[in-house]
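# Examining the three-dimensional arrangement
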Amino acid sequence: GAGESYSVLRRNFTRGLNEASQGALYASKYVGGLTTLRDPAGSGRQPLMPVDAAKQRAALDMLANEVLSTDSFNFPPAFLRRMAVSTFDIEDAKELGRGAPPLDLPIDQQVLGLQRGVLDTLMSPAIAQRLLNNAAKVDDPKDALTLADLYARLHGAVWSELKSGKDITLFRRNLQREYAARDAGALLLPRGSMPADARALMRVDATKLRSELARVPTRQLSAEAKAHVAEMTSLLDEAQKAPIVRQAI
């Protein structure tokens, strides 16, 4: 029946999202990737080689376009209305109990979990250190995917509405909030393992983002998006001021 078909659709969606998460994790390994060989000395092959920059950029483009862009999870409203846990389905009824009303699934939070995993990896101290080290391992620095390249690509994908003037939807606000928190966190709570160059680049990124937020034509945004822009502005302002306050104490 209708309830069964919706439940099957919902389970297929969840399964597909899990597979997409695994694919994103696999692609993330290319960014800052390093090929290690165990050849004996004199073999002619070098034991540490960064993954080809073209492959790293292709993986980063895939993540930016398929996971972090405005079109990544642009679900039609009719599709979202079908994403419910239904008591008409035997498996769902076991969890809810017969007669319980259908539950609306927090699809935005499921998508955010996937996106959070990508940001956790790509904005991590480990990836930052690897990209910095890899740049020194290539003969021509222009052949390397740099840490600045990575942050610029992420910034452009996550905050594209600030230039396009489009409204900022729930799914996008969730993602942008996660990104801004990482920028602010690098300034407020600098982890000892985060390379100094990465913190410096994230400070520059935060300053750039703050400037972009100030130029957003908020009159065409929804009330939620206006509040979001104001909140992100406040977050970055507080983060930028905090280091100065600590140094003065």
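Every residue gets a number counted from 1 within its own chain, in the order that chain's sequence is written. For a predicted model such as this one, the threshold for reporting local features is a pLDDT of at least 70, and the threshold for listing and counting side-chain atom pairs is 80 or more; totals across whole chains, interfaces and linings nevertheless cover every residue. To obtain the side-chain values, all non-hydrogen atoms of the structure were used and water was disregarded.

Moving on, we come to the overall build of the chain. Each helix is a run of H or I in the DSSP string that is no shorter than four residues. Each strand is a run of E no shorter than two, and both are numbered from the N terminus. Looking only at helices and strands, the chain has eleven helices and four strands in total. Only protein chains enter the area calculation, which uses a 1.4 Å probe; residues under 20% of their type maximum are buried, those over 50% are exposed, and those in between are partly exposed. The 249 residues of the chain split such that 40% are buried. Expressed as a percentage of contacts within the chain between residues at least 6 apart in sequence, the contacts between residues at least 24 apart total 70%. Total accessible area computed for the chain in this model is approximately 13,800 Å², and 55% of it derives from carbon and sulfur atoms. Any two residues whose heavy atoms approach within 4.5 Å at even a single point are treated as in contact. Computed with the Shrake-Rupley method and a 1.4 Å probe, the accessible areas treat only the protein chains shown as cover for residues.

Before going further, it helps to examine the pattern of salt bridges. Put simply, a salt bridge is a Lys or Arg side-chain nitrogen that is within 4 Å of an Asp or Glu carboxyl oxygen. Within this structure, the stated rule accounts for eight salt bridges. Across the pair R182 and D120 runs a salt bridge, and its minimum N-O distance is 2.3 Å. One end of the pair, R182, is in helix α9 (residues 170–188); the other, D120, is in helix α5 (residues 107–122), with 62 residues separating them in the sequence. Of the residues examined, D120 reaches a relative accessible area of 41% and is grouped as partly exposed. For R172, the salt bridge goes to E161, with nearest N and O atoms at 2.6 Å. Placement of R172 in helix α9 and of E161 in helix α8 (residues 161–164) is noted, with a sequence separation of eleven residues between them. R172 gets classed as buried once you look at its relative accessible area, which sits at 5%. Residue E161 is classed as buried on the basis of its relative accessible area of 4%. Look at the salt bridges and you will find they share partners, linking R116, D120, E178 and R182 into a network.

This next bit is on the side chain of T233. Within the element layout of this structure, T233 appears in helix α11 (residues 223–248). Of the residues examined, T233 reaches a relative accessible area of 15% and is grouped as buried. Ignoring anything within four residues of it in the chain, the contact list for T233 reads R210 and L213.

This next bit is on the packing of aromatic side chains. Side-chain rings of Phe, Tyr and Trp, where Trp is taken by its six-membered ring, are said to pair if the distance between their centres is within 6.5 Å; with planes under 30 degrees apart they count as stacked, over 60 as edge-to-face, and otherwise as tilted. With the rule as written, the count across this model stands at seven aromatic pairs. Where F13 meets F79, the ring centres are 5.7 Å apart and the plane angle is 65 degrees; that geometry is what we call edge-to-face. Of this pair, F13 sits in helix α1 (residues 2–28) while F79 sits in helix α3 (residues 77–81), and the two are 66 residues apart along the sequence. We classify F13 as buried; its relative accessible area is 12%. Centroid distance Y26 to Y30: 5.7 Å. Interplanar angle 75 degrees. Geometry classified as edge-to-face. Among the aromatic residues, those joined into a ring-pair cluster are F13, F73, F75, F79 and F171.

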